[in-house]
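A look at the structure
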Amino acid sequence: YFTELRTHQQLGYVVAGFSSSSNGFCALGTLIQSQSHGALDCFERSHKFLTTHLSEMKTSLTQEDVDAVKESIVTELTQAPNSLNEREGRFTVMAGNYHGDFDFFDKLAKCVENISLPDLQCFIDENLKLQDSLVLLYNGIDSPKSGVPEGFDVIGDYQEILNTWTRVHPYKKS
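Structural notes, computed from the coordinates. (Residues numbered from 1 in each chain as written. Predicted model: local features only at pLDDT ≥ 70, side-chain atom pairs only at ≥ 80, totals over all residues. Heavy atoms only, no water.)

1. Structural notes on the pattern of salt bridges
Going through the model one piece at a time under the given rule, you end up with 3 salt bridges. Between Arg 45 and Asp 41 there is a salt bridge whose closest N-O contact spans 3.0 Å. Of the two residues, Arg 45 and Asp 41 are both situated in helix α2 (residues 39–60); the distance of 4 residues between them amounts to about one turn of the helix. Judged by relative accessible area, Arg 45 falls into the partly exposed class, the value being 27%. With relative accessibility at 26%, the residue Asp 41 sits in the partly exposed group. With its nearest N and O atoms 3.7 Å apart, the salt bridge here joins Asp 67 to Lys 70. Note that Asp 67 and Lys 70 are positioned in helix α3 (residues 63–78) at a spacing of 3 residues, about one turn of the helix. (Salt bridge = Lys/Arg side-chain N within 4 Å of Asp/Glu carboxyl O. Helix = DSSP H or I, 4+ residues; strand = E, 2+ residues; numbered from the N terminus. Buried < 20%, exposed > 50% of the residue type's maximum accessible area, 1.4 Å probe, protein only.)

2. Details of the nonpolar core
Core analysis: the largest hydrophobic core is formed by 8 residues, namely Val 74, Leu 77, Met 94, Tyr 98, Phe 104, Phe 105, Ala 109 and Val 112. With 4 residues, the top contributor of residues to this core is helix α5 (residues 104–113). Sequence-distant contacts of Val 112, that is, excluding residues within four places in its chain, are made with Lys 70, Ile 73, Val 74 and Leu 77. Judged by nonpolar contacts, the second largest core, of 5 residues, contains Tyr 1, Leu 5, Val 15 and Leu 50. (Core = buried A, V, L, I, M, F, W, Y, C linked by side-chain atoms within 4.5 Å. Contact = heavy atoms within 4.5 Å.)

3. Some points on the packing of aromatic side chains
Applying the stated rule across the entire model yields 3 aromatic pairs. Summarising the aromatic geometry, the rings of Tyr 1 and Phe 49 are spaced 5.6 Å apart at their centres and angled 75 degrees between planes, so their arrangement reads as edge-to-face. With a gap of 48 residues between them, Tyr 1 in the segment before α1 (2–8) and Phe 49 in helix α2 connect regions that are remote in the sequence. Positioned above the aromatic ring of Phe 105, the side-chain terminus of Arg 90 is 4.6 Å from the ring centre. (Phe/Tyr/Trp six-rings, centres within 6.5 Å; stacked < 30°, edge-to-face > 60°. Lys NZ or Arg CZ within 6 Å of the ring centre and 35° of its normal.)

4. Here we look at the side chain of Lys 70
Here Lys 70 falls in the buried class, since its relative accessible area comes to 15%. Beyond its immediate sequence surroundings of up to four residues, Lys 70 is in contact with Val 112, Glu 113 and Ile 115.

Right under this line is the structure:
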């Protein structure tokens, strides 16, 4: 993402892709800060990259690729903290982000171990179709002066959008 959009297309100085989870929602987040391209142009280029990359990934991935990534993720999830600071950080995340589920990382590691290539391909088909599920949050210093970016509408109540996302299932500790 970074290499293509920042280095090759030179969209802006800050270009990032990241995973995010909050309030029971997991998401792929992207960030582009640009003084040379408008919000709609950045959105369209990002969308094109993601949809193209996911299509290519779906057809080119092998089970060996999936296994290598799974092994790396499981190792990271199950590795014991190396310091008191790392341990405190992990407990803080489990207490805050995962509602006090202190077995969360172990459970997640077991789920990751069970992922297969067909599972991942199905996930791409069902959950990563980006056509109607993207929302751009535009909140710059100049946003009150510049108005709404071309091609976007103001969202007055984001809860209305959340209610339309039928595939989103918040979690909570039972």
